[in-house]
Amino acid sequence: MSPLYEGLPAVIYSGLWVLKIFRKLEKKFPDSIKMAILLTDSPPAFLIKIENGEFDIEILENIKDLKDLDTIDCDTYLALPTEILYKGAAGIRDGIASKKVHVKNLDAITILSKLTGVG
Amino acid sequence: MVEKMTALERILTVLEGKIPDRVPSFCLGGDFDFVEKFMNSPYALTDEDIQHLDKDNVSYGIPYMHAIIAKFCPPEILSGGLDAKIDLCWQNPNMGLPIKLESINDYIIHSGGYFKIVVRDEGIPHWWYAGPALLKKENIEDYWSRANDLRPTKESIRNFAKIRKNMLKKYDIVVSQGQPGPFENCVFGIGHANFARFARKEPSFLEQHIEFQWETIEEPMMKMILKTKPEVVMCGDDYGYNDGLQLPPKLWRRFIKPILARYVKMAHDEGAKFLIHSCGAIGEVFPDFVEIGIDGVESLKPKNNDLKMYREKYPEITLVGTIDDSEMLKYESPEFVRNSIKKSIQTLGKKGGFIPGPTNFLLDQPAENIVACYKAIQEFGNY
């Protein structure tokens, strides 16, 4: 049996699952969100969709490179190497400054911190 | 029901070998499967409960699920409470972000093992250890070179004291402070086969690795935990399989016991009680637990451990857990659970020294059986 999601999509899914089961998803994300994330060393990208207290994660099999990100219908995106993701919030901030982290807009950082701060 | 003792008084009384007002209860936590079952049961947290718990900043994090544990409180504490009080629970530190070694093209956790996060077909997440990564000596030496990345940081125990204080003050629940033990840290990284090989052929290399993990991870983490002044520390270190120890007792005594004794001494020196969570059949090392001063042993699946003998032969050690969660709590009826708890208390808890609860993290047991378990501890636990 292969899992539905592994790696970062599974981590994000877990955070959203916890919010949903404890009926906190709508409160934490009152507005609908479509955000794509690409780990540049571990493609493809995936799309997080949150709307009306529900969520979905879609693996975007064809989005494997930075240049593909602008073709996605999304509010924001974040592209970064795994190494920087594992350096946490400070690493990501430094990565934006050094252009190793690419974002469509800074909403991506706000959403990511909300998603990873579940607990 | 008006209680004669607080949960803290009750737990400390038992761990000091005295008899409290009633038998206290314990819950290690629960995985995503249990949370899913519980939240889809008649006992689920209501909007009112959630509002109350949010006001007190109670953690919903899995697997420690303090919010669900608080739901078991009596209505005097939480108006929608289940009146099946849990007195003692657990929380472990965040052991830091994964690192990538030059000699291994993948990310590993602090112990040197792999950790997997998956979402199964039915949409339920699952997080668990997935195997050792330090399979060659060069990997282990590479791991040693990353000491600075492996040391715990203040972030590892962020909010620990606050969470503990809050749970105690608002919900009368003692949160024991956990951290992984020396055997798990070692074998999660290098694997059982390497442990056995090095123990036989290069014992000094194995000792060097165990000492490295003590100095880099375990001792600094213990110091940080103890600075938060916990009342109870509980280290997780599984030594047993279902039918015996995972390693010969003489190897456990040579490589693991001396380090475990350091954990116990550090905790006791700071005035904390020390419990160990250790799964499987671990009777062979019970005399050693007594010798190094462990206050209580948790898990103790009844099919794998002669609990009656432990109770009689080792009265110094409080038996924690002992309620079969892999078969009884999963397959039997609430009435069967109730009767079984009654018998357990009669057999093991007559003279104190007993903090019953499911032996491990709750997984896929029906919520009604877990509620029946804690209600029965309350019903039959009066001294």
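Residues numbered from 1 in each chain as written. Chains lettered and ligands numbered in written order. Predicted model: local features only at pLDDT ≥ 70, side-chain atom pairs only at ≥ 80, totals over all residues. Heavy atoms only, no water.

### Structural notes on the overall build of chain A
- Along its length, chain A carries five helices and six strands.
- The order of α-helices and β-strands along chain A, N terminus first, is β-α-α-β-β-β-β-α-α-β-α.
- Its C-alpha atoms give chain A a radius of gyration of 14 Å, within 12% of the compact-globule value 14 Å for 119 residues.
- For chain A, the spread of C-alpha atoms along the three principal axes comes to 40 × 35 × 25 Å.
- Considering chain A as a whole, with its 119 residues, one finds that 46% of them fall into the buried category.
- Sequence-distant contacts in chain A: of pairs separated by 6 or more residues, those separated by 24 or more amount to 57%.
- Only carbon and sulfur atoms are counted for the fraction: they give 49% of the accessible area of chain A, which is about 6,200 Å². (Helix = DSSP H or I, 4+ residues; strand = E, 2+ residues; numbered from the N terminus. Rg over C-alpha atoms; globule rule 2.2 N^0.38 Å. Buried < 20%, exposed > 50% of the residue type's maximum accessible area, 1.4 Å probe, protein only. Contact = heavy atoms within 4.5 Å. Areas by Shrake-Rupley, 256 points an atom, 1.4 Å probe, with all protein chains shown as cover.)

### Regarding the interface of chain A and chain B
- Counting from both sides, the interface comprises 24 residues of chain A and, opposite them, 28 residues of chain B.
- Roughly 2,200 Å² of surface becomes buried between chain A and chain B when both sides are summed, with 65% attributable to carbon and sulfur atoms.
- The largest share of the area that chain A buries against chain B comes from Trp17(A), Phe22(A) and Tyr86(A), three residues that together contribute 30% of it.
- Linking chain A to chain B there are four salt bridges.
- Asp47(B) is the partner of Arg23(A) in a salt bridge, and the nearest nitrogen-oxygen pair spans 2.7 Å.
- Linking chain A to chain B there are 11 residue pairs in polar contact (both at pLDDT 80 or more).
- Counting residues per element, the ones that place at least two in the side of chain A that touches chain B are strand E1 (5–6), helix H1 (7–21) and helix H3 (82–85) of chain A.
- Per element, the largest residue contribution to the side of chain A that touches chain B is eight residues, and it comes from H1(A).
- Among the residues making up the side of chain A that touches chain B, the classes are represented as 12 nonpolar, six polar and six charged.
- As defined by bridge partners, E1(A) adjoins strand E4 (residues 113–119) of chain B across two bridges and the pair is classed as antiparallel. Residue pairing in the sheet places Tyr5(A) in a bridge with Val119(B) of E4(B). (Buried area = accessible area lost by both parts, 1.4 Å probe. Salt bridge = Lys/Arg side-chain N within 4 Å of Asp/Glu carboxyl O. Polar contact = N/O pair within 3.5 Å; in protein donor to acceptor, adjacent residues only side chain to side chain. Nonpolar A, V, L, I, M, F, W, Y, C, P; charged D, E, K, R; others polar. Pairing = 2+ DSSP bridges.)

### Structural notes on the sheet that holds strand E10 (residues 273–278) of chain B
All names here are of chain B.
- On the basis of which strands lie adjacent, the open sheet formed by seven strands has the order E1-E6-E7-E10-E11-E12-E13 and parallel pairing. Where the open sheet ends on each side, the last strands, each with one partner, are strand E1 (88–91) and strand E13 (354–358). Adjacent strand axes in the sheet meet at a mean angle of 25°, parallel and antiparallel pairs treated alike.
- Inspection of the sheet shows strand E12 (residues 318–323) paired to E13 by five bridges, in the parallel sense. Bridged to Leu-319 within E13 is Phe-354.
- Sitting on the sheet, helix H1 (residues 7–15) touches E1, strand E6 (174–180), strand E7 (232–236), E10, E12 and E13, and the angle it makes with E13 is about 115°. (Axes fitted to C-alpha atoms, helices over the stretch in contact; angles between N-to-C directions.)

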